[in-house]
Amino acid sequence: MCIVYRSPDRTARFETFSNKHNDLQRGADHLSVQNNLFQLDTALTDYLICIEAVLFLALLTRLQANSPRFKLMGQLLFATLAGASLLGGISHSFITDPATSSHRMLWHITMLMIGGIGWSAWNLGAALLNSRVQSAMMMLSTVAFLSYGYVVLFISQRYLIAIGHYLLGVVFLLGALEYTRRYAKQGGTTQALSGVTLSVFAPIPHIFNLSPLPNLLSPNAIYHLIQAVALMLIFV
């Protein structure tokens, strides 16, 4: 008969290690569940923006506009926004593994669509100004978009690059709206100014990882919800 002796100290150390391992496993499972929930709320709010942009695109298409160029740029803005949001939602809900080639391809296209939002914002603002500014802005924004596309395809796909690119166009649009309100005395720009201003500050939760409801909504979801409100103000 063989008798196995285990000292009390050794048994205690084994139990402590086992408990720590179980705690780490539970913590990892909790983080996995929370990450999945945050992926889900990001995807759902992406789809919300997509639906909103498609709705506004349809309404804008039916409107009679004094400036065909302004209407066209507005349509392009909502179209690229709808496309980027749809692809973003897919990447956060169906094709979520960044190691796969399908996810990388999807993310590249999403980033390029976001670049299209910036290009449209530049030219939408220029459409409020004179023809000389419109021609210059078309050239400048196209060069900026091509440069951005090169960076996205060959250097980096960080989302902050996309934010910086489209914010430049949004800030220009904000300036054009303020110029129109102050000097051209065109009505209906005050609410649009509020929406564009809100859109400028919308990325703050994403950039600084902030959420007023950290256990319920991710910073990305807060960012998207602010953008949804901003879109409403811009269009209405």
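Relevant structure appears above.
Only a predicted model underlies this, so the values are computations on that prediction, with no experimental measurement involved.

Chemist: Would you explain the environment of valine 143 in this entry?
Modeler: Structurally, valine 143 can be placed in helix H4 (residues 131-154). Along the primary structure valine 143 and tryptophan 119 are separated by 24 residues, whereas in three dimensions their C-alpha atoms are 9.7 Å apart.

Chemist: I would appreciate a short explanation of the nonpolar core in the present structure.
Modeler: Most often, soluble globular proteins have nonpolar side chains that are buried together. Ranked by size, the top nonpolar core spans 34 residues in total, and within it Ile114, Tyr159 and Tyr166 carry the most contacts. For this core, the element with the most residues is helix H5 (residues 159-184), which contributes eight residues. Excluding anything up to four places from it in sequence, isoleucine 114 contacts Ala84, Tyr148, Tyr159, Ala162 and Tyr166.

Chemist: Which parts of the structure should I look at to understand the environment of leucine 174?
Modeler: Here leucine 174 is to be found in helix H5. Residue leucine 174 is classed as partly exposed on the basis of its relative accessible area of 22%. Apart from residues no more than four positions distant in its own chain, leucine 174 is found in contact with Leu193, Val196, Thr197 and Val200.

Chemist: Which parts of the structure should I look at to understand the packing of aromatic side chains?
Modeler: Two descriptors summarise a pair of aromatic rings, namely the distance from one centre to the other and the angle between the planes of the rings. A full pass over the atoms with the stated rule returns eight aromatic pairs. On the basis of an interplanar angle of 65 degrees and a centroid distance of 5.8 Å, the ring pair of phenylalanine 56 and phenylalanine 78 is categorised as edge-to-face. One end of the pair, phenylalanine 56, is in helix H1 (residues 8-62); the other, phenylalanine 78, is in helix H2 (residues 68-93), with 22 residues separating them in the sequence. Grouping residues by exposure puts phenylalanine 56 and phenylalanine 78 together as buried. For the pair tyrosine 150 and phenylalanine 154, a centre-to-centre distance of 5.1 Å together with 45 degrees between the ring planes defines the contact as tilted. Linking tyrosine 150 with phenylalanine 154, this pair stays in helix H4, spanning four residues, or about one helical turn. The burial state of tyrosine 150 is the same as that of phenylalanine 154; both residues are exposed. Ring pairing ties together the aromatic residues Phe56, Phe78 and Phe235, which thus form one cluster.

What counts, and at which threshold
- Residues numbered from 1 in each chain as written.
- Predicted model: local features only at pLDDT ≥ 70, side-chain atom pairs only at ≥ 80, totals over all residues.
- Heavy atoms only, no water.
- Helix = DSSP H or I, 4+ residues; strand = E, 2+ residues; numbered from the N terminus.
- Core = buried A, V, L, I, M, F, W, Y, C linked by side-chain atoms within 4.5 Å.
- Buried < 20%, exposed > 50% of the residue type's maximum accessible area, 1.4 Å probe, protein only.
- Contact = heavy atoms within 4.5 Å.
- Phe/Tyr/Trp six-rings, centres within 6.5 Å; stacked < 30°, edge-to-face > 60°.

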